[in-house]
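Analysis of the macromolecular model
One-letter residues, chain by chain:
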Amino acid sequence: MAGNFLKGRFLSLFDYKTEKYIVANNKKIGVLYRLLQLSIIGYVIGWVFLTKKGYQETDEAIQSSVITKLKGVSVINTSESALLVWGPEDYVIPPQGEAVLFVVTNFLETPNQKLGHCAESSRVLDGRCKRDDDCEEGRLVVAGHGVMTGRCMKKDENSSGSCEVYGWCPIERNFKPRHPLLPEAENFTIYIKNFIRFPKFKFSKSNVLETDDESYLKKCRYDEDNHPYCPIFRLGDITKRAGHNFQDMASSGGSIGILMDWDCDLDKGYSNCHPQYEFTRLDVSMSSQSITSGFNFRHVRYFKNDAGESYRSLFKVYGVRFNIMVHGKAGMFSIVPTAINIGSGLALMGAGVFFCDMVLLHLMKKSTFYRERKFEASKHNNLNDVKQSKDAREEQSELAAEH
């Protein structure tokens, strides 16, 4: 008996069991079910496959290299420096061409500074004084320009003054030019060369037109319609695309972001992978009146005279900082994500059936009637009854076979 039982259990593993379906003649449930089916099919086909391209394997680990080069010449005439001609080696910082670069459009020069004694700037709060005791000898001035000597320099006994410091004198001039000293910078051009690679698909490309015409880069300018693969941009056009005027930014400086987005559908071929450019200003908030807008920093140039004495020229430079950012994603057909998304769609179809069953069995007026048809309760109370019922069915089958 035990052997027959185990044998029956083993053979039952190879039985195929199918679900029992009940046709419910309920138009409301039928309409609800079809709407759910259409919604799920529309979602899977329209959103998952067509919009999100769920049939593709993607690679977002883009490898990128950016090389920049600026061209343009400006003539500067100031009282400190007289007549000068500035080229890219003067106004581009750093000069070697990186993804982040700064173009000088305005500056304030304090020439011929030497180490010595002079009064601290009146704009430095910790440098103000009324008597010598306010200027502790040897104390560094916070956000100042040197070391206090112990003297308070003022016009008369009743007025306030500034502490004397030892540092680079004269102290930096504290006014800003009203107009940019390099207004021609608007017509300077920047050459942005970008190489990208998607390692998963071993795909690489650049934003420069592949041509044998050596004069192409000398005469083209970027245009999204006519010259999308020309990597040369006019600075005035960049700020204009970012929604700002270059001359307004040139006086106090600013920061511009250049986003290069490579969204490549490799199923469409090499020629359909294009860079998309987006330009935005980064140093302004929602309010146009912001003390944080603008961009400037200081740098110096050191010299020595014939006597071997060191001196320097201090420059507070204003300009436009360009941040070049590269993002990208590539996709190609693969059977794995396709199968996964199809399986997810089929699972959603099953969820629609489950939802309609819950409505039919628990929310409808005739839910009790449907539950009786959906579920069958066993009338056998013990195993003997089950065995007798099984034997009776077998006898009926044998009699039917004899007749």
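Reading the values: the criteria
- Every chain is numbered independently, its residues counted from 1 as its sequence is written.
- Only residues with pLDDT of at least 70 get local features here, since the model is predicted, and only at 80 or more are side-chain atom pairs given and counted; chain-wide, interface and lining totals rely on the full set of residues.
- Values reported for side chains reflect all heavy atoms of the structure, with hydrogen atoms and water molecules removed beforehand.
- Numbered from the N terminus, helices here are DSSP runs of H or I no shorter than four residues, and strands are runs of E no shorter than two.
- One less than the number of residues in a helix, times 1.5 Å, gives the span that helix is expected to have.
- Burial classes follow relative accessibility: with a 1.4 Å probe on protein chains only, a residue under 20% of its type's maximum area counts as buried, one over 50% as exposed, and anything between as partly exposed.
- By definition, residues are in contact when any of their heavy atoms lie within 4.5 Å.
- Patches were defined on residues exceeding 30% relative accessible area and lacking a salt bridge, with like-charge contacts within 9 Å and nonpolar side-chain contacts (Val, Leu, Ile, Met, Phe, Trp, Tyr) within 5 Å.
- All accessible-area figures derive from a Shrake-Rupley calculation using a 1.4 Å probe, and residue coverage is judged against the displayed protein chains alone.
- The salt bridge definition used is simple: a Lys or Arg side-chain nitrogen within 4 Å of an Asp or Glu carboxyl oxygen.
- Ring pairs are drawn from Phe, Tyr and Trp, using the six-membered ring of Trp, whenever the two centres fall within 6.5 Å, and their geometry is named by plane angle: stacked under 30 degrees, edge-to-face over 60, tilted for the rest.
- Whether a charge lies above a ring is judged from NZ of Lys or CZ of Arg, which has to be within 6 Å of the ring centre and within 35 degrees of the ring normal.
- One requirement defines pairing of two strands: DSSP has to find at least two bridges between them.
- Throughout, disulfides are identified as pairs of cysteine sulfur atoms within 2.5 Å of each other.

Some remarks on helix H2 (residues 27-51)
If you check H2, its first and last C-alpha atoms are 33 Å apart, about what 25 residues at 1.5 Å a residue would give, namely 36 Å. All buried positions along H2 are accounted for by Ile29, Gln37, Ile40, Val44, Val48 and Phe49. Where H2 is buried, its residues contact helix H7 (335-362). Just beyond H2, the residue with positive phi is Lys53, at close to 50°.

Concerning a nonpolar patch on the surface
Together, Phe10, Leu11, Leu13 and Phe14 give the surface a local cluster of nonpolar side chains, amounting to about 490 Å² of exposed area. Tracing the chain through its elements places Phe10 in helix H1 (residues 2-12).

Overview of the packing of aromatic side chains
Counted under the stated rule, the structure contains 14 aromatic pairs. Between Phe203 and Tyr270, the aromatic rings sit 5.6 Å apart at their centres with planes inclined by 55°, giving tilted as the arrangement. Of this pair, Phe203 sits in strand E11 (residues 203-206) while Tyr270 sits in the loop between strand E13 (254-265) and strand E14 (275-281), and the two are 67 residues apart along the sequence. Relative accessible area serves as the criterion here: at 10%, Phe203 is assigned to the buried category. For Tyr270, a relative accessible area of 36% corresponds to the partly exposed category. Measuring from ring centre to ring centre gives 4.8 Å for Tyr222 and Tyr277, while their planes differ by 65°; the resulting arrangement is edge-to-face. Here Tyr277 lies in strand E14 and Tyr222 lies in the loop between helix H4 (216-219) and strand E12 (232-234), a separation of 55 residues in the sequence. For the pair formed by Tyr222 and Tyr277, the shared burial category is buried. Put simply, the rings of Tyr222, Phe233, Tyr277 and Phe279 touch in pairs and so form one group of aromatic residues. Lys205 extends its terminal NZ or CZ atom over the ring of Tyr270, reaching a point 4.6 Å from the ring centre. In this structure, Arg301 is placed above the aromatic ring of Phe315, and the distance from its NZ or CZ to the ring centre is 5.0 Å.

A look at the pattern of salt bridges
Enumeration over the complete set of coordinates arrives at 11 salt bridges. For Arg234, the salt bridge is made with Glu186, and the minimal N-O distance between the two is 3.8 Å. Here Arg234, found in strand E12, pairs with Glu186, found in the loop between strand E9 (161-169) and strand E10 (189-198); they are 48 residues apart in sequence, far enough to count as distant. By relative accessible area, Arg234 is classed as partly exposed at 24%. The partner of Asp237 in a salt bridge is Arg234, with the nearest N and O atoms 2.9 Å apart.

Section: the pairing of E14
Residues of E14 alternate between two faces, with Pro275, Tyr277, Phe279 and Arg281 buried on one and Gln276, Glu278 and Thr280 left unburied on the opposite face. Relative to E14, E13 is paired through seven bridges, and the arrangement is antiparallel. Bridging across to E14, Ile258 finds its partner in Phe279.

A look at unusual backbone geometry
Of note, the amide linkage connecting Ile93 to Pro94 takes the cis form, showing an omega dihedral of -10°. Structurally, Pro94 can be placed in the loop between strand E5 (92-93) and strand E6 (100-119). Phi at Asn112 is positive, roughly 55°, even though this residue is not glycine. You can call Asn112 partly exposed: its relative accessible area is 49%. Here Lys202, not a glycine, exhibits a phi torsion of approximately 55°, which is positive.

Some words on the state of the cysteines
If you walk through the whole model with that rule in mind, you get five disulfides. Across a sulfur-sulfur distance of 2.0 Å, Cys118 and Cys169 are joined as a disulfide pair. Between Cys118 and Cys169 the disulfide shows an S-S torsion of about -75°. By sign, it is left-handed. Here Cys118 is found in strand E6, whereas its partner Cys169 is found in strand E9, with 51 residues between them in sequence. Like Cys169, Cys118 is buried. Each disulfide pairs two cysteine sulfurs, and for Cys220 the partner residue is Cys230, the sulfurs being separated by 2.1 Å. Across the S-S bond of Cys220 and Cys230 the torsion is about 80°, and the bridge reads as right-handed. Taken together, the residues Cys220 in the loop between H4 and E12 and Cys230 in the loop between H4 and E12 connect sequence positions 10 residues apart. Given the relative accessible area of 0%, Cys230 is considered buried. Bonded cysteines in the chain are paired 1-6, 2-4, 3-5, 7-8, 9-10 when counted in the order they occur along the chain.

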